[in-house]
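Each chain, written out:
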Amino acid sequence: MAPSTSSVITLHINGEKYTLPVDHRTTLLDALREHLDLTGTKKGCDQGQCGACTVLLDGRRAVSCLQLAVAAEGRAITTIEGVADGERLHPVQQAFLDLDGYQCGYCTPGQICSALAVIEEHAAGWPSAVTDDIRPEAGVPALTAEEIRERMSGNLCRCGAYVSIVRAVARAAEEAAEADAAAGESEVKKVAA
């Protein structure tokens, strides 16, 4: 008897569970777009080179055109549809909007998902290829334009909105750091009281 070439899988996407039958060769990108009608994630090169299909898997960036849907089962998947809080845009989305970090908008969902991970990776102290001092005692490097460009280099924009994208990521990262600092101060006040 020949082994089965399809399975019924359950994907956890944007806080919801989706159960669907898929051929084992179905990419996560095709499962999202073709099976679940979550079309915010874009198909660009279909070879993992452009970043248009970037989603978050357990909070880490992944190009969904190279990820098999069956391998994503049991992992937390975040697509662009799951970034906003209802009608309230995520600060990264708002920064892209305010600072014109998009032009045609095709790459924007992947850029935003990647930016979310970039901000988290940087805040956690992960170095990049351009980080000057990678020693742990050096602490978190400054999130310079050069750092942002390097960290976002897997996402291409054919319109060339890179200057605005860098500014949007920098602003969103600064707002996230301020929010974290304010939350920390609030906790200190609670403990002191």
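Keep in mind that what you see is a predicted model, and the values were worked out from it rather than measured.

The rules behind these values
- Residues numbered from 1 in each chain as written.
- Predicted model: local features only at pLDDT ≥ 70, side-chain atom pairs only at ≥ 80, totals over all residues.
- Heavy atoms only, no water.
- Helix = DSSP H or I, 4+ residues; strand = E, 2+ residues; numbered from the N terminus.
- Disulfide = S-S within 2.5 Å.
- Buried < 20%, exposed > 50% of the residue type's maximum accessible area, 1.4 Å probe, protein only.
- Axes fitted to C-alpha atoms, helices over the stretch in contact; angles between N-to-C directions.
- Parallel < 35°, antiparallel > 145°, perpendicular 65-115°, else oblique.
- Left-handed = near helix turned anticlockwise from the far one by under 90°.
- Contact = heavy atoms within 4.5 Å.
- Nonpolar A, V, L, I, M, F, W, Y, C, P; charged D, E, K, R; others polar.
- Pairing = 2+ DSSP bridges.
- Polar contact = N/O pair within 3.5 Å; in protein donor to acceptor, adjacent residues only side chain to side chain.
- Salt bridge = Lys/Arg side-chain N within 4 Å of Asp/Glu carboxyl O.

Engineer: Can you explain unusual backbone geometry? Please cite residues and give values.
Structural biologist: One non-glycine residue, Asp58, lies in positive phi territory at about 55 degrees. When you line up the elements, Asp58 lands in the loop between β3 (54-57) and β4 (60-63). Located in the positive-phi region is Asp100, a residue other than glycine, with phi close to 55 degrees. Mapped onto the fold, Asp100 is located in the loop between α2 (91-98) and α3 (108-123).

Engineer: Describe the state of the cysteines, listing the residues and the values that go with them.
Structural biologist: All told, the structure shown has zero disulfides when counted by the stated rule. Unpaired in this structure, Cys159 has its nearest cysteine sulfur neighbour in Cys104, at a distance of 3.7 Å. Relative accessible area serves as the criterion here: at 32%, Cys159 is assigned to the partly exposed category.

Engineer: How would you summarise the packing of α2 against α3 if you had to cite specific residues and measurements?
Structural biologist: It is the contact of α2 with α3, at a shortest axis distance of 10 Å, that shows an interaxial angle of 125 degrees. Here α3 runs oblique to α2, going by the angle between their axes. In this structure, α2 crosses over α3, and the sense of that crossing is right-handed. Residue-level inspection shows Val92, Gln93 and Phe96 of α2 in contact with α3, the latter providing Thr108, Gln111, Ile112, Ala115, Leu116 and Ile119. Its residues assigned to classes, the contact of α2 with α3 comprises six nonpolar, three polar and no charged.

Engineer: Describe the pairing of β4, listing the residues and the values that go with them.
Structural biologist: Where β3 lies against β4, four bridges are found, and the strand directions are antiparallel. Bridge pairing in β4 links Val55 to Ala62. The loop that links β3 with its antiparallel partner β4 comprises two residues; one of these, Asp58, has a positive phi angle of about 55 degrees.

Engineer: Tell me what's going on with the side chain of Asn155, and back it up with residues and numbers.
Structural biologist: Secondary-structure assignment places Asn155 in the loop between α4 (145-151) and α5 (162-192). Relative accessible area serves as the criterion here: at 5%, Asn155 is assigned to the buried category. A polar atom in the side chain of Asn155 sits 3.0 Å from the backbone oxygen of Gly51. A polar contact of 3.2 Å, which involves the side chain of Asn155, links it to the backbone oxygen of Gly110.

Engineer: Describe in detail the sheet that holds β3, supporting the description with residues and values.
Structural biologist: Within the open sheet, the five strands sit side by side as β2-β1-β5-β3-β4. Their pairing is mixed. Two strands lie at the open edges of the sheet, namely β2 (16-23) and β4, each paired on one side alone. Ignoring strand direction, the axes of neighbouring strands in this sheet form an average angle of 40 degrees. Inspection of the sheet shows strand β1 (residues 6-13) paired to strand β5 (residues 76-78) by two bridges, in the parallel sense. Bridge pairing in β5 places Ile13 opposite Ile77. Contacts from α3 reach β3, β4 and β5, with the element oriented near 40 degrees to β3.

Engineer: A description of the pattern of salt bridges should follow, citing residues and the corresponding values.
Structural biologist: Overall, the coordinates contain eleven salt bridges when judged by the stated rule. For Asp58, the salt bridge identified is with Arg75, shortest N-O distance 3.1 Å. Of this pair, Asp58 sits in the loop between β3 and β4 while Arg75 sits in the loop between β4 and β5, and the two are 17 residues apart along the sequence. Under the relative-accessibility criterion, Asp58 is labelled partly exposed at 47%. For Arg135, the salt bridge is made with Asp133, and the minimal N-O distance between the two is 2.6 Å. You can call Arg135 partly exposed: its relative accessible area is 45%. Taking relative accessible area as the criterion, Asp133 reaches 30% and is therefore assigned partly exposed. Through salt bridges that share partners, Asp30, Lys43 and Asp46 make up one connected network.

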